[in-house]
Amino acid sequence: MSIKLNIPFKLFADCIPVKGANRGVLCDLQRSNIEFIPNSLCDLLHKYDGYEISSILRDHTKNDHETIIEYFDFLYANDFIFFTKTPNLFPPIKMEYKTAFEITNAIIDFNKSSYDFKKVFSELEKVSCKHIQLRFFSKIQSNELASIINLLNRKSSIIQNIKIFIPYNLQNTKNNLEKLLKKNGRISNIIIYNAPKTEVYNIKYQGKLLYTIKNIIDERSCGIINANNFVINSNNFIESKKYNSCLNGKISIDALGYIKNCPSISEHYGNIQNNTLKDALSHKDFKKYWNITKDEIDICKDCEFRYICTDCRAYRENPKDEFSKPLKCGYNPYTNEWSEWSTNPLKHETIKYYNLILD
Amino acid sequence: MNEVVIISERLDKSTDLVIEWLTTFGCNVQRINYEDANDYHVSFFVENGFVQLESKITEKIVLISNMTVVWHRRGYIPFRPKSYRKTHHIMIEGFLENDIGNAIKGIDLILQHTAKYYIGSWFKEKETYKILNLHLAKKAGFKIPKTIVTNCKTELQAFKDEYENIISKGLDRMILFTTNEFSAGKGTFMVTQEMIDTLPSHFEPTLFQNCIYKLYEVRIFIFDTHLFSMAIFSYPFEGKTRVDVREDIKERPNRCIPYILPKTIDEQIRKFMKFVDMKTGSIDLIVGTDQEYYFLEVNPMGQFDWVSGLCNYNIEYTIANLLTQKCYE
Ligand code: SF4
Ligand code: SF4
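None of the values given here were measured: they were computed from a predicted structure.

Basis of the calculations
- Residues numbered from 1 in each chain as written.
- Chains lettered and ligands numbered in written order.
- Predicted model: local features only at pLDDT ≥ 70, side-chain atom pairs only at ≥ 80, totals over all residues.
- Heavy atoms only, no water.
- Helix = DSSP H or I, 4+ residues; strand = E, 2+ residues; numbered from the N terminus.
- Buried < 20%, exposed > 50% of the residue type's maximum accessible area, 1.4 Å probe, protein only.
- Pairing = 2+ DSSP bridges.
- Axes fitted to C-alpha atoms, helices over the stretch in contact; angles between N-to-C directions.
- Contact = heavy atoms within 4.5 Å.
- Buried area = accessible area lost by both parts, 1.4 Å probe.
- Salt bridge = Lys/Arg side-chain N within 4 Å of Asp/Glu carboxyl O.
- Polar contact = N/O pair within 3.5 Å; in protein donor to acceptor, adjacent residues only side chain to side chain.

Visitor: Explain unusual backbone geometry to me, please; I cannot follow it from the model alone.
Guide: Generally, phi is negative for residues other than glycine and the peptide bonds are trans, each holding for most cases. Although it is not a glycine, Ile299(A) sits at a positive phi angle of roughly 70°. Checked against the element boundaries, Ile299(A) lands in the loop between helix H8 (277-282) and strand E14 (331-332). Since its relative accessible area comes to 27%, Ile299(A) is described here as partly exposed. Phi angles above zero are rare outside glycine, and Asp224(B) is one such case at about 55°. Position of Asp224(B) among the secondary structure elements: in the loop between strand E14 (214-223) and strand E15 (226-233).

Visitor: Whenever I open this one, the sheet that holds E14(B) confuses me. Can you help?
Guide: Strands in a sheet are paired, the pairing made by backbone hydrogen bonds, and the direction either parallel or antiparallel. Residues and elements named next belong to chain B. Taken in spatial order, the five strands make up an open sheet running E16-E15-E14-E17-E18, and their pairing is antiparallel. The outermost strands of the open sheet, each flanked by one partner alone, are strand E16 (255-258) and strand E18 (293-299). The average angle at which neighbouring strand axes cross in this sheet is 25°, direction not considered. The pairing of E14 with E15 spans seven bridges and is classified as antiparallel. Paired with Arg219 across the bridge in E15 is Met230.

Visitor: Would you mind going over the interface of chain B and chain A with me for this structure?
Guide: Note: interface size is frequently given as the accessible area lost on complex formation between the parts. Across the boundary between the two partners, chain B contributes 33 residues, which contact 34 residues of chain A. Across the interface of chain B and chain A, roughly 2800 Å² is buried in total on both sides, 52% from carbon and sulfur atoms. For the pair chain B and chain A, the number of links is three salt bridges. Glu20(B) is the partner of Lys130(A) in a salt bridge, and the nearest nitrogen-oxygen pair spans 2.7 Å. Across the contact surface, chain B and chain A share eight residue pairs in polar contact (both at pLDDT 80 or more). The set of elements that each furnish at least two residues to the side of chain B that touches chain A consists of helix H1 (13-24), E15, E16 and helix H8 (305-311) of chain B. The biggest single contributor to the side of chain B that touches chain A is H1(B), with five residues.

Visitor: Where do I start with the pairing of strand E13 (residues 202-210) of chain B in this structure?
Guide: As a general feature of sheets, a regular strand has side chains that alternate between the two faces. Residue and element names in this part refer to chain B. Across five bridges, strand E8 (residues 147-152) lies against E13 in antiparallel orientation. Along E13, the bridge assignment pairs Thr150 with Thr206. Bridging between strand E9 (residues 166-169) and E13 involves four bridges; their strand directions are antiparallel. Within E13, the position partnered with Ile166 by the bridge is Asn210.

Take a look at the structure:
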């Protein structure tokens, strides 16, 4: 089937074109996919969605016709558009982001820490936090981990998903870690970093054991922007349009027990030993980064990946500027090239400033 | 009293999400899962139409009365102790299933009147009549596929000759046979001339419909006065087959996008829901290549989480909001 020139075309509402400085992407939110498209096509789609292709041709000189037809052949062959006589029955997806609870996710750091896990988990319940990451920076034995996880086994707990990061340790055999996964159905991943080999084990119905050669030193290892971590779905896309894609809905407890938005940010709102998460949350500055969107961040605002990328406010190219680009991003939206951020000479001063330890 | 009772299943995600919103709205929620039959002593007081469930574990009492707002999401009130099920002879079991089912239906119908607000019904889910629904849909103004139920080969042949492409499906639900040894089933299937040729002149009554050539399907979830519509483009559409047949359907799932019902269709849906006396349910329509809306079927307790998620409708929020309002009315 070929394209129809005289019937209005519509982009499927889950396919959203995003313009960048130099090129655009078509974000296919239901199929978790992106296609690079020229900015000129983004403009055409924006202007003519719901009109006949013939009207585009009419508005352009003959020279452009072949290219325009090629564009639409490509869009149609890949199911990004359809033809309909009733284009106004197909509205866009509403960019409205709603969650029942203020807090959606938490990071809990552990480095030979002395705070009380029991208290931490009961506090997380009180703010109805559903997703948690436990990051262990110091060695931990699987039996210690088991007793921590046991605290999370309450049947009626609101916690849905737990991700655990632990350093590689010969004594924690794969078998023991598998047992841990089975102990608590809420654990989706155990990530074993600094491992001799990168390997993934899918444990049926239980979750994943991920061994990675990458190392995590402490909270300063966080915040790396990488195309592999892009999340292409409507929830993330919509949240990114309205809120900060890392810090919105997040609460953290750093290795010393300080309650923070993110463990890497210096501002804290009390310590878990004496304060509640609820009180921390109600502090007027707690959410100060929550509303910083990619559309407001320098350079990111010109980047075609801005609604599928994560963000980082803790490590910025310019530490003095809250709206500066994430330091650990090596992408240049003006040239469309990726380079290694850590060896970029322009970033050296800032790397020193944050006291980052590089591998 | 701001109390909402939800009758549901343990693993129903939509219920979880609605409850989250209800708690943030400050409602007191009692969730009753029909699998938890062993956990309750249940009594039904016929005179005033109240149902009392006493938890054997916590001794907490849930009273469904004229003070409560009830959302009957799935399942039914856990009336039969699980321990007794399947211990009887199959004949006794059959009797009990029917006998107690009769009471459960009765309670369902009575609660519709006694509770302060009651939405959803197991009874409607159990007793939905495809041909009646088609008939009422027609009355509400919809087009319906040409449909016959017949036991006569000559009638079937005439139908086939007239419409060429015809389909068949179960009259009540999907055709499904399971024993310990095997399982076989079929949803909707094309009826070929060869199939007809093998039939005797007189056979078990069967439903036949002409095949509607679709532009796309529309799924509408209805909750009280709220309608949420989604268009589904499934392959092949617009005469287009999948671009690459090797590709897994999972990689190219059907496109599901928000849809606005034309006003007349919106009104026909509301009319139909009145005819069948349902406050909630899911309706499947087909928009044919002739641009007409064909009514296919209604599911009284259908899932809506994918409509909500794919179209970002936040249906759970709307439901919780409405139930909260009903509490304070
Ligand atoms: S702000 Fe940066 S350091 Fe903090 S959690 Fe997000 S990505 Fe990590
Ligand atoms: S420039 Fe900004 S939006 Fe683009 S990849 Fe880097 S961090 Fe993400």
